[in-house]
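Results of the structural survey
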Amino acid sequence: SREFFQKSRSLNPDNFIIRYFLAEIALKQYSYPEAIEGYERCLFYNPYFWPAHLRLAIISEQGNKLEKAKLHYQKAISLNPDSSFIHYKLGLIYIQENDSRAIEEFKQVVRLEPKDGAGHNNLAILYASLEKPNVELAIRHLEEAKRCGYKVEKQVEDYVRSLNAK
């Protein structure tokens, strides 16, 4: 299939979809520099193609290039705001940066996927970690995570419940 897409690219060099599929093939073969170049060329021809932004975000995150990952996740979510996965991944980066926007991202996750136990768990932790903890919301999301079948860590539950006693 690689040969097919390479031949197609030579016939239509401006086709962003062909460039995307060639990048996908390179990614599956662990040829990261080639994949990155392919996704970037795809975006050169169509900067609004959110799957290429998502792939570049994931590759950047795996390479510990969080600023670049964040930019691509932000662009992907602006183009595809109903993706709970992208909101989740962006929320995780905001957590690493100690950025309060993490709460908004995880609120979007559970709005889009009400049964996402990990999303509820992360919201519980975030609400409990605020300078002035929102204990009521932390407990509500902790309980919802458990209702969704998510295995809440005992330390997290103990900590959130201890806030309620204060």
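Preceding block: the structure.
Residues numbered from 1 in each chain as written. Predicted model: local features only at pLDDT ≥ 70, side-chain atom pairs only at ≥ 80, totals over all residues. Heavy atoms only, no water.

Bringing the packing of aromatic side chains into the picture now. Per the counting criterion, the structure on display carries 7 aromatic pairs. Taking 6.4 Å as the distance between ring centres and 65° as the angle between the ring planes, the aromatic pair formed by Tyr30 and Tyr32 counts as edge-to-face. Classification of Tyr32 by relative accessible area gives partly exposed; the value is 32%. Here Tyr88 and Phe106 contribute two aromatic rings whose centre-to-centre distance is 5.1 Å and whose plane-to-plane angle is 85°, an arrangement assigned as edge-to-face. Remark: Phe106 occurs in helix H7 (residues 101–112) and Tyr88 occurs in helix H6 (residues 84–96); sequence separation between them is 18 residues. A relative accessible area of 0% places Phe106 in the buried class. Linked through ring pairs, Phe16, Tyr20, Phe21, Tyr39 and Phe49 together constitute an aromatic cluster. The residue whose ring lies beneath Arg41 is Phe44, and the NZ or CZ to ring-centre distance is 4.8 Å. (Phe/Tyr/Trp six-rings, centres within 6.5 Å; stacked < 30°, edge-to-face > 60°. Buried < 20%, exposed > 50% of the residue type's maximum accessible area, 1.4 Å probe, protein only. Helix = DSSP H or I, 4+ residues; strand = E, 2+ residues; numbered from the N terminus. Lys NZ or Arg CZ within 6 Å of the ring centre and 35° of its normal.)

Counting through the fold element by element, Asn122 comes out in helix H8 (residues 117–129). A polar contact is formed between the side chain of Asn122 and the side chain of Tyr88, at a distance of 3.2 Å. If near-sequence neighbours (up to four positions away) are discounted, Asn122 is found in contact with Tyr88, Leu92 and Phe106. (Polar contact = N/O pair within 3.5 Å; in protein donor to acceptor, adjacent residues only side chain to side chain. Contact = heavy atoms within 4.5 Å.)

Excluding glycine, a negative phi dihedral is what most residues carry, and trans is how most peptide bonds are arranged. One non-glycine residue, Tyr30, lies in positive phi territory at about 60°. Classification of Tyr30 by relative accessible area gives exposed; the value is 63%.

In short, the description is geometric, and any link to function would need to be established separately.
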